[in-house]
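Below are the chains, spelled out letter by letter.
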Amino acid sequence: MRISIEGLDWAAGGRTIVRDVTAEIPAGATVGLIGPNGSGKSSLLRCVAGLRTPSRGTVRYDGDDIRGWSARRVARQAAFVEQTADTHSELRIADIVALGRTPFRDRWRGLGGTDRAVIDAALARMELTDLADRQWRTLSGGERQRAHIARALAQQPWALLLDEPTNHLDVRHQLDLLRLLADTDQTVLVVLHDLPLAARFCDRLLMLHHGSLVAAGPPEQVLTADRIRDVFEVDAELGRDSTGSLSLTYR
Ligand SMILES: Nc1ncnc2c1ncn2[C@@H]1O[C@H](COP(=O)(O)OP(=O)(O)OP(=O)(O)O)[C@@H](O)[C@H]1O
């Protein structure tokens, strides 16, 4: 599914927080949304997920304007993984992952065989099978984050929209998730703070600064020492590591 963002503004508290953003996320691409704290990444992602209504401009899924779509209709196309998602504490992990099937289920009917198979696969993909019956409140931060990603996978969406999905994960789980996002055929828009990882796993990057899109394109074009200094206010030395990936050393 192709996602198009056209001339999008989002205002709150009397302030324009996202300003005139136009960007195309091609079907199947993995696109990283980067920018300093408060630059508007989560706000833009929430507009793309249909959770915020733009004050100007449009979000289109495969050309269709999503303005006015119900949450259920959006959820059949795109799964959203929040930055710090909390969940009702009395649920088990398996119950949380099962919530991913809600957009496809008749309200009064239980889970079918297909639902169960999809839930089991999502639990296995996030290495949560052994924890499936554990109560949410007993989980570590990283386990909770993986459970929310499993819930999104169980939704079997055309697009995955993720807000800092690696912030609680150890290095191995970070790499595992980013590989999954890079390899999937689904369209991915992911907020990331780690610039080298964003460069390595994303096809394209969108860089926000004070709510405006200041650069968009392949990582090696977007991440330049000048731009990193101007936008993130740090000096960085860019090079290539032995695998050919972009390397960044902060000064
Ligand atoms: N509902 C709101 N009302 C008023 N201001 C808001 C609202 N939501 C966000 N903001 C402000 O908008 C700015 C952008 O917030 P946003 O969460 O989109 O940034 P971000 O780039 O995701 O930041 P971070 O990297 O810290 O997560 C911030 O200054 C934030 O305080």
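Read on for an overview of the structure. (Residues numbered from 1 in each chain as written. Predicted model: local features only at pLDDT ≥ 70, side-chain atom pairs only at ≥ 80, totals over all residues. Heavy atoms only, no water.)

**Digging into the nonpolar core**
Here is a general trend for soluble globular proteins: nonpolar side chains tend to be buried in one another's company.
Working step 1: Within the largest apolar cluster, 50 residues are counted, with the highest numbers of intra-cluster contacts made by Leu-181 and Leu-223.
Working step 2: Both of domain 1 (1-77 + 157-217) and domain 2 (86-156) provide at least three residues apiece to this core.
Working step 3: The contact partners of Leu-181, leaving out residues within four places of it in the chain, are Thr-30, Leu-160, Leu-162, Val-188 and Val-190.
Working step 4: Counting 31 residues, the second largest nonpolar core, distinct from the first, contains Ala-23, Leu-44, Leu-45 and Ala-49. (Core = buried A, V, L, I, M, F, W, Y, C linked by side-chain atoms within 4.5 Å. Buried < 20%, exposed > 50% of the residue type's maximum accessible area, 1.4 Å probe, protein only. Domains from an automatic or database assignment. Contact = heavy atoms within 4.5 Å.)

**Observations concerning the side chain of Ser-39**
Working step 1: Secondary-structure assignment places Ser-39 in the loop between β3 (30-34) and α1 (41-48).
Working step 2: Residue classification places Ser-39 among the buried residues on the basis of a relative accessible area of 3%.
Working step 3: Apart from residues lying up to four places away in sequence, Ser-39 is in contact with Ile-17, Leu-208, His-209, His-210 and Gly-211. (Helix = DSSP H or I, 4+ residues; strand = E, 2+ residues; numbered from the N terminus.)

**Here's the deal with the site of the ligand**
Working step 1: Around the ligand sit 15 residues in total, of which Arg-15, Gly-38, Lys-41, Ser-42 and Ser-43 are the nearest.
Working step 2: One of the backbone N or O atoms of Ser-39 is found 3.1 Å from an oxygen atom in the ligand.
Working step 3: When the ligand sits alone it has 640 Å² of accessible area, and the protein chains cover 64% of it.
Working step 4: Listing elements by their share of the shell around the ligand, those giving two or more residues are β1 (3-12), β2 (15-25) and α1.
Working step 5: Here the element with the most residues in the shell around the ligand is α1; it accounts for 3 residues.
Working step 6: A class-by-class count of the residues in the shell around the ligand yields 4 nonpolar, 8 polar and 3 charged. (Near = heavy atom within 4 Å. Polar contact = N/O pair within 3.5 Å; in protein donor to acceptor, adjacent residues only side chain to side chain. Areas by Shrake-Rupley, 256 points an atom, 1.4 Å probe, with all protein chains shown as cover. Nonpolar A, V, L, I, M, F, W, Y, C, P; charged D, E, K, R; others polar.)

**Some thoughts on the pattern of salt bridges**
Working step 1: Enumeration over the complete set of coordinates arrives at 13 salt bridges.
Working step 2: In this structure, the salt-bridge partner of Glu-24 is Arg-2, at a minimum N-O distance of 3.0 Å. Taken together, the residues Glu-24 in strand β2 and Arg-2 in the segment before β1 connect sequence positions 22 residues apart.
Working step 3: Asp-226 is the partner of Arg-229 in a salt bridge, and the nearest nitrogen-oxygen pair spans 3.2 Å. (Salt bridge = Lys/Arg side-chain N within 4 Å of Asp/Glu carboxyl O.)

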